[in-house]
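Fold and contact review
This is what each chain is made of:
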Amino acid sequence: MISIISLVLIIFILFMLMELMPGSPFNDEKLSDDQKQVLYEAYGLDKPVIYRFGIYVKNILHGDFGDSYSISANTPVASLISTRLPVSMKVGGAAMIIGSIFGLALGFLAAFNRGKVTDVICMIISILGVSVPSYIFAIVLNYFVGFKWKALPLLYDFRSPVKTSILPVIALSIGVMGVVMKFTRDEATSVLKSDYVLFARSQGIPEKEILFGYVLRNSMIPVITVMAMLLVSLLTGSLVTERIFSIPGIGALLTTAITANDYNVIIALSFVYAVIYVVARLVLDLVYGLIDPRIRVSGGTGE
């Protein structure tokens, strides 16, 4: 119920922001004031904002997000999103999987070798991944791997989606790897210094059993939390990276819609982002209970 109320409030706030936004979807200098007025009436933009909000919410329940005003005039927004969202989800999902696998592996490796050369190297990689924006990696990869060495395509192509997704996936996964590695290393280090792990080692329990039986489970909740938030940002598209590789995802669609003041597209995409975030939080709560049964008993995450 709280999630539904939150989504309704988000839509309402977006409507208010669009109302206060300077300009209009019909900024063509060739259009006269009378022509603009006709367009406003045709799209119902001359009606009070509260009335339009009620109609919009009613239409959303039927999967209707309205039509695009300027990006692709009279094309249903749902159609625009349905063709672009899968692209962003595939690229973002692949980047999340690859970044998480390497981040977890290197994070645990650093924790088990704390203070050693391996730990220092892993932390340097983590700092670079966290501090350097993904679009910098995208530009470097595009220039050297794509343009200079011609090892992989420069731009995304629907005819060869896997091959042309390699560079953007790598660029996006580096940041994920850096963040996941840092959180994993910090949490695993904390668990390794705990009394119950020290006691387990004193009993001669093998390191492999300590890793999977104690360290992995007890350090995963904070890591999974940050991974869920990273996943949401990747699934909703990386604005600059999609532009660099000409990926026809929803990130690129949003930047175009903002530039063109295409209100219906902006609101619909923001609503999609909100839904993905809410769903991620709900799934996250379920995962918490699977990792730590005590959370199911207490009825919360302990935060």
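In this text the structure is predicted, and so the values were computed from the model without any measurement.

The next point concerns the side chain of Ser-219. Following the sequence through the fold, Ser-219 ends up in helix α9 (residues 207-235). A polar atom in the side chain of Ser-219 sits 2.6 Å from the backbone oxygen of Val-215.

Another point: the pattern of salt bridges. Applying the stated criterion across every chain, the model contains 5 salt bridges. For Arg-185, the salt bridge goes to Asp-119, with nearest N and O atoms at 2.7 Å. Of this pair, Arg-185 sits in helix α7 (residues 166-192) while Asp-119 sits in helix α5 (residues 117-131); the two residues are 66 residues apart in sequence, bridging distant segments of the chain. Taking the relative accessible area as the measure of exposure, Arg-185 reaches 17% and is therefore buried. On the accessibility criterion, Asp-119 (4% relative accessible area) is buried. The residue Arg-185 makes a salt bridge to Asp-186 at a minimum N-O spacing of 3.9 Å. Among the ionic contacts, a cluster of salt bridges with common partners joins Asp-119, Lys-182, Arg-185 and Asp-186.

Between helix α4 (residues 77-112) and helix α11 (residues 250-260), the least distance of the axes is 8 Å, while the angle of their chain directions is 130 degrees. By the angle between their axes, α4 is oblique relative to α11. Residues Leu-80, Ile-81, Arg-84, Leu-85 and Ser-88 of α4 touch α11, and the partners they reach there are Ile-250, Gly-251, Ala-252 and Leu-253. A breakdown of the residues in the contact of α4 with α11 according to their chemical character gives 6 nonpolar, 2 polar and 1 charged.

Turning to its location among the elements, Val-275 is positioned in helix α12 (residues 263-291). Note on Val-275: relative accessible area 28%, which makes it partly exposed. Residues Val-275 and Val-91, 184 residues apart in the sequence, show an inter-C-alpha distance of 19 Å.

Quick look at the packing of α4 against α7 now. For any two helices packed against each other, one specifies the inter-axial angle together with the distance between the axes. Remark: α4 packs on α7, axes separated minimally by 6 Å, with the N-to-C direction vectors making an angle of 35 degrees. In terms of crossing hand, the pair formed by α4 and α7 is right-handed. Of the residues that constitute the contact of α4 with α7, the class distribution is 21 nonpolar, 7 polar and 1 charged.

Here we take up the confidence of the model for the protein. Looking at the protein, pLDDT values average 87 and 96% of them are 70 or higher. Put simply, helix α13 (residues 293-298) is where the protein has its lowest mean pLDDT, 55, and α5 is where it has its highest, 95.

Quick notes on the rules
- Residues numbered from 1 in each chain as written.
- Predicted model: local features only at pLDDT ≥ 70, side-chain atom pairs only at ≥ 80, totals over all residues.
- Heavy atoms only, no water.
- Helix = DSSP H or I, 4+ residues; strand = E, 2+ residues; numbered from the N terminus.
- Polar contact = N/O pair within 3.5 Å; in protein donor to acceptor, adjacent residues only side chain to side chain.
- Salt bridge = Lys/Arg side-chain N within 4 Å of Asp/Glu carboxyl O.
- Buried < 20%, exposed > 50% of the residue type's maximum accessible area, 1.4 Å probe, protein only.
- Axes fitted to C-alpha atoms, helices over the stretch in contact; angles between N-to-C directions.
- Parallel < 35°, antiparallel > 145°, perpendicular 65-115°, else oblique.
- Contact = heavy atoms within 4.5 Å.
- Nonpolar A, V, L, I, M, F, W, Y, C, P; charged D, E, K, R; others polar.
- Left-handed = near helix turned anticlockwise from the far one by under 90°.
- pLDDT = per-residue confidence, 0-100.

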